[in-house]
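# Structural description and commentary
Here are the chains, one letter per residue:
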Amino acid sequence: MTYNFNNSSQDHINGLRLVWLNTEDIRIEVGQCRDSTNTVDMVNGANITVQIDASAGANALDGEAGEAFSTWYHVFLISGAGQTTAGLLNVDGVPTMPSGYTHKRHIGWVYNHTDPGNLQTFDQTGTGRERTYYWAEAPADYIRVVNNVNQTGSYATVVCSSLVPTTASSFFMRLAATGGGNSAIDIQAVDGLAGVNDITRVTQNAANYQIVEIPCPDTKSFKYECNGAATLQALVLGWRETL
């Protein structure tokens with residue numbers, strides 16, 4: 001449903017939480033938002049199921065060439081005069097709109113794994129513009145980006161773009177020193193806090209597990225260096241964006 005009035009402020013959004021249902025489906029919950037052109041309010045009065053493996057159109061993929069693997073998908077809310085509010089999945093952020101639909105708004109992301117193309121499990125929190133996603137996957141299969149590595153002599157950069165989308169402002173990591181006793185591991189942001197030398201340090205004999213938020217306005221990466229025999233295990237737990 002679309003309401004053509006100007007009661008809501010630009011960028012307004014309330015509700016429309018994304019829920020992972022299974023390897024092919026997500027749900028968009030009830031809520032409302034301003035469209036991307038700040039022209040109309042879009043109101044979703046009932047939960048919507050969006051299917052990545054359905055025929056292209058409303059509540060499925062846009063007109064792109066089928067389901068892609070190892071790929072981020074924008075989730076859009078779409079509406080149009082006389083049309084039921086729907087969801088739409090799109091790769092490049094410029095969706096091909098189904099017939100009759102004229103308004104849209106990016107409301108989140110899903111990530112589709114490698115063949116056979118399963119949507120990665122997540123839990124989303126937040127009902128306003130700030131949304132947080134937590135991955136609910138087995139670390140060894142999906143979210144572990146460093147596994148017991150002793151990186152000495154220089155900082156190594158770890159790219160996390162398969163776990164953190166382009167619009168994320170920060171991401172969350174669990175850092176563990178899995179060896180090295182009192183030898184420390186230094187962690188740096190690549191951007192956002194790049195002027196700060198180290199944002200945290202972990203050692204095996206101290207608080208060897210830490211949850212750290214890494215700023216990432218541009219590069220979805222972090223850097224680390226081990227001292228002595230220290231070894232690092234790093235998991236990407238989730239990420240945050242402002243809609």
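Before any of the text, the structure's been laid out above.
Residues numbered from 1 in each chain as written. Predicted model: local features only at pLDDT ≥ 70, side-chain atom pairs only at ≥ 80, totals over all residues. Heavy atoms only, no water.

## Quick word on the overall build of the protein
- Each helix and strand in the protein was counted, giving one helix and 21 strands.
- C-alpha extents for the protein along the principal axes are approximately 65 × 40 × 25 Å.
- Taken over 243 residues, the protein has a buried fraction of 49%.
- Taking the intrachain contacts of the protein between residues at least 6 apart in sequence as the baseline, contacts between residues at least 24 apart amount to 68%. (Helix = DSSP H or I, 4+ residues; strand = E, 2+ residues; numbered from the N terminus. Buried < 20%, exposed > 50% of the residue type's maximum accessible area, 1.4 Å probe, protein only. Contact = heavy atoms within 4.5 Å.)

## What about the packing of aromatic side chains?
- Counting across every chain of the model gives eight aromatic pairs.
- Through pairs of rings, three or more aromatic residues link up here, namely Trp 72, Trp 109, Tyr 111, Phe 122, Tyr 133, Trp 135 and Trp 239. (Phe/Tyr/Trp six-rings, centres within 6.5 Å; stacked < 30°, edge-to-face > 60°.)

## Some points on the pattern of salt bridges
- Across all of its chains, the model carries six salt bridges by this definition.
- Residue Arg 27 is joined to Glu 29 by a salt bridge in which the shortest nitrogen-to-oxygen separation is 3.2 Å.
- For Glu 29, a relative accessible area of 19% puts it in the buried group.
- Note that Asp 186 and Arg 201 form a salt bridge whose closest N and O atoms lie 2.5 Å from each other. Of this pair, Asp 186 sits in strand 17 (residues 184-189) while Arg 201 is found in strand 18 (residues 200-203), placing the two residues 15 residues apart along the sequence.
- Each of the salt bridges in this network shares a partner with another, and the network as a whole consists of Arg 17, Arg 27 and Glu 29. (Salt bridge = Lys/Arg side-chain N within 4 Å of Asp/Glu carboxyl O.)

## Thoughts on the nonpolar core
- Within the largest apolar cluster, 54 residues are counted, with the highest numbers of intra-cluster contacts made by Phe 171, Phe 222 and Tyr 224.
- Looking at this core element by element, the count peaks at five residues for strand 21 (residues 231-242).
- By size, the runner-up hydrophobic cluster in this structure holds five residues, among which are Phe 76, Ile 78, Ala 86 and Tyr 101. (Core = buried A, V, L, I, M, F, W, Y, C linked by side-chain atoms within 4.5 Å.)

## A look at the sheet that holds strand 10 (residues 86-90)
- Within the open sheet, the four strands sit side by side as 8-10-9-11. Their pairing is mixed. Looking at strand neighbours, the two that pair on one side only are strand 8 (60-61) and strand 11 (103-112), the edges of this open sheet.
- For strand 9 (residues 71-79) and strand 10, the ladder comprises five bridges, and the chain directions are antiparallel. Following the sheet pairing, Phe 76 is matched in strand 10 by Leu 88. (Pairing = 2+ DSSP bridges.)

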